[in-house]
Amino acid sequence: MRNYIDFFNKFIFFTKKCYFFHILTWCLAPALIFILLYILSLPSYLYNFITLHTNISDIQEDIAVIYLSYAYLSFWGIIIALPSSLIIESIQYLFFKKFFVLNKFLLNNKYYNFFYIFSLFALLVSWTILFNGG
């Protein structure tokens, strides 16, 4: 377990130096809010399942729609983040002769770090499930 945590920490340290992942994080913000709202509504789904005896297939369909919506939004987030990060990095290289992130907020803010780690973790889990046929 320790190896996985070390790998994830090194992965986060590497990705925080690139603008692509920061832009992707902000592109995924609406999708993450959508997922969090769905998670908060899960108790009402369970209550309806227990009291109204709704079909489990209805709940499974809703979960599938939410997951596929997130995967679709994350795909478009990548499409938006790639050219945006290339433009930002080229402009930064013209002025500072460096490609990597220089902004202290993006590198050291603890609240933003939590949001960043959560969005990367959600993206990794989502795309792992998607590409493994789950």
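Bear in mind that the values here come from a model prediction, so they are computed numbers and not experimental data.

Definitions and cut-offs
- Residues numbered from 1 in each chain as written.
- Predicted model: local features only at pLDDT ≥ 70, side-chain atom pairs only at ≥ 80, totals over all residues.
- Heavy atoms only, no water.
- Helix = DSSP H or I, 4+ residues; strand = E, 2+ residues; numbered from the N terminus.
- Buried < 20%, exposed > 50% of the residue type's maximum accessible area, 1.4 Å probe, protein only.
- Contact = heavy atoms within 4.5 Å.
- Core = buried A, V, L, I, M, F, W, Y, C linked by side-chain atoms within 4.5 Å.
- Phe/Tyr/Trp six-rings, centres within 6.5 Å; stacked < 30°, edge-to-face > 60°.
- Lys NZ or Arg CZ within 6 Å of the ring centre and 35° of its normal.
- 1 Å grid on protein atoms, 1.4 Å probe; cavity = no way out; pocket = protein on both sides within 12 Å on 5 of 7 lines; lining within 4 Å.
- Points joined across faces, edges and corners; volume = space filled by probe spheres on them.
- Nonpolar A, V, L, I, M, F, W, Y, C, P; charged D, E, K, R; others polar.
- Lys, Arg positive; Asp, Glu negative; His and termini not counted.
- Salt bridge = Lys/Arg side-chain N within 4 Å of Asp/Glu carboxyl O.
- Polar contact = N/O pair within 3.5 Å; in protein donor to acceptor, adjacent residues only side chain to side chain.
- Patch = residues over 30% accessible without salt bridge, like charges linked within 9 Å, V, L, I, M, F, W, Y side chains within 5 Å.
- Areas by Shrake-Rupley, 256 points an atom, 1.4 Å probe, with all protein chains shown as cover.

Draft legend 1. Quick look at the side chain of Asn113. With respect to the element layout, Asn113 can be found in helix α6 (residues 110–131). Judged by its relative accessible area of 18%, Asn113 falls in the buried class. Every residue in contact with Asn113, bar those within four places of it in the chain, is listed here: Lys16, Leu106, Leu107 and Asn108.

Draft legend 2. Here's a closer look at the nonpolar core. Counting 23 residues, the largest nonpolar core has Phe21, Leu24, Tyr70, Tyr116 and Leu123 as its most contacted members. Counting only elements with at least two residues in this core, the list comes to α2 (19–27), α3 (29–51), α4 (56–96) and α6. At six residues, the largest contribution of residues to this core is made by α6.

Draft legend 3. Structural detail: the packing of aromatic side chains. Counting across every chain of the model gives six aromatic pairs. Counting every residue linked through ring pairs, the aromatic cluster contains Phe7, Phe11, Phe20 and Phe21. Positioned over the ring face of Phe100 is Lys17, at 5.5 Å from the centre of the ring. Directly above the ring of Tyr93 sits Lys97, whose terminal nitrogen or CZ lies 5.5 Å from the centroid.

Draft legend 4. Region of interest: the layout of surface pockets. Quantified by volume, the largest pocket comes out at close to 330 Å³. Lining of the largest pocket is provided by 15 residues; of these, Ile35, Ile39, Tyr67, Tyr70 and Val125 occupy positions nearest its centre. Elements with a minimum of two residues in the lining of the largest pocket: α3, α4 and α6. Counting residues per element, the lining of the largest pocket draws most heavily on α6, at six residues. Class assignment of the residues belonging to the lining of the largest pocket gives a composition of 14 nonpolar, one polar and no charged.

Draft legend 5. Main features of the environment of Ile39. Relative to the helices and strands, Ile39 is located in helix α3. Expressed as a C-alpha distance, the spacing of Ile39 and Ile63, which sit 24 residues apart in the sequence, is 9.9 Å.

Draft legend 6. Representation of the side chain of Lys16 within the structure. One can find Lys16 in the loop between α1 (2–15) and α2. It is Glu89 that comes nearest to the buried, bridge-free Lys16 among opposite-charge side chains, at 15 Å. Of the polar contacts made by the side chain of Lys16, one reaches the backbone oxygen of Leu107; its length is 2.9 Å.

Draft legend 7. Examining the environment of Asn108 more closely. Relative to the assigned elements, Asn108 resides in helix α5 (residues 104–108). Separated by 92 residues in the primary sequence, Asn108 and Lys16 have C-alpha atoms spaced 9.7 Å apart.

Draft legend 8. Focus on a nonpolar patch on the surface. Together, Ile87, Ile91, Leu94, Phe95, Phe96 and Leu102 give the surface a local cluster of nonpolar side chains, amounting to about 670 Å² of exposed area. Topologically, Leu102 is positioned in the loop between α4 and α5. For Leu102, a relative accessible area of 36% gives the class partly exposed.

Draft legend 9. Representation of α2. A large share of α2 lies buried, amounting to seven of its nine residues. Listed in full, the buried residues belonging to α2 are Tyr19, Phe20, Phe21, His22, Ile23, Leu24 and Thr25.

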